[in-house]
Amino acid sequence: APGAQEFIPPTADTIDELRAAAAGCRGCELHRDASQTVFGRGDERARVIFVGEQPGDVEDQQGLPFVGPAGRLLRKAVDDAGLDPRHIYLTNAVKHFRFERRGTRRIHQTPDRVHITACRPWLVAEFARLRPEVVVVLGATAAKALLGPTFRVTRQRGELLPWPAAAQHPEDFARVPVDRAGAVADAPDTRLLATIHPSAVLRADNQDVAYEGLVADLKVAAGALR
Ligand code: URA
Ligand code: SF4
C-alpha cells in the first residue's frame, strides 16, 4: 500500500480541505471494509489536540471521531481537568475502523504498524495546520504513531514531553512528509503528553481510579498552556 501521503493535496490549507481529500484515501487496505474515513473534528484554533487510536463502530457509522462511550468519557474528563471541551480538537492515529466480522457483529481490531505508518501523514498534516500547544496522546496506538514503538504509556504517562525530533526515531519517522510536516517535526513549541485511552478507563477493574488518573494527567496538559 502506498500510504496516505500521495492523497494529501499540498495546496490543502484548511482542515476542511484535508477532510475532503481524506474521504478518498486509499493509503492502506483499511478503507475497503470500513464505511468511511473518520477525520478529526473540533476547534481549529484549539491549543490542545487529542489523538486516539482509530474510529470505533459508532464513529465508523456516523463519520465522526469520539461520538461513542469513550468520547463521552473523554469530554467529561476534559471538563473535569479544567479544559473547555468546546475548544479542543479530536482525531485518531488511524482514520478507518479496523474490525473483524463475527456473524453480524464487528469486533474492533487494533491497527498494525503498517496502518499506523500509512495513516500518519494525515495526522502530521493536521498538526501542521492546527499548530497546537499540547498534543495529548491517548493510549498505545497513538503513542506508537508519535513517540515510536519503544515508548511505554504506563511508564511515562502524565509527563510533558518535548516534540519528538524526526531524527530520534529514524525508522519510524522516515515516511513523515518533509514539506509542511517538516516544520511540525521541528516544532519546539508543541509538547506531548501521553495518557491512558478513555476506552481503557471504561474497561478498568476500578473505573473511578482509572478516571481520576486520566483527569490528573489532563490537568498537567491544562497547566502547560501558555
Ligand atoms: N476510540 C478512539 O480511539 N477513537 C475514537 O474516535 C473513538 C473511540
Ligand atoms: Fe488512508 Fe488512513 Fe484510511 Fe489507511 S486508514 S486508507 S491510510 S485514511
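Residues numbered from 1 in each chain as written. Chains lettered and ligands numbered in written order. Predicted model: local features only at pLDDT ≥ 70, side-chain atom pairs only at ≥ 80, totals over all residues.

Caption draft 1: Representation of the nonpolar core within the structure. In terms of nonpolar packing, the biggest core is built from 58 residues, with Ile49, Val51, Ile88, Cys119, Val136 and Val137 touching the most fellow members. Ranked by the residues each element gives to this core, the list is headed by helix H4 (residues 113-130), at nine residues. Ignoring anything within four residues of it in the chain, the contact list for Val136 reads Val48, Phe50, Val51, Leu193, Thr195, Leu218 and Ala221. (Core = buried A, V, L, I, M, F, W, Y, C linked by C-beta atoms within 7 Å. Buried ≥ 20, exposed ≤ 12 C-beta atoms within 10 Å, placed from the backbone. Helix = DSSP H or I, 4+ residues; strand = E, 2+ residues; numbered from the N terminus. Contact = placed C-beta atoms within 7 Å.)

Caption draft 2: The arrangement of the site of ligand 2 in detail. The environment of ligand 2 is formed by 16 residues, the closest being Cys25, Gly27, Cys28, His96 and Cys119. Looking at which element gives the most residues to the shell around ligand 2, the answer is H4, with four residues. The residue makeup of the shell around ligand 2, split by class, is nine nonpolar, five polar and two charged. (Near = placed C-beta within 6 Å. Nonpolar A, V, L, I, M, F, W, Y, C, P; charged D, E, K, R; others polar.)

Caption draft 3: Local environment of unusual backbone geometry. Positive phi outside glycine occurs at Phe66, with the angle close to 55°. The topology assignment puts Phe66 in the loop between helix H2 (57-62) and helix H3 (69-80). Overall, Phe66 belongs to the buried group, with 27 C-beta atoms counted inside 10 Å. Despite not being glycine, Arg131 shows a phi value in the positive range, around 45°. Checked against the element boundaries, Arg131 lands in the loop between H4 and strand S6 (134-138).

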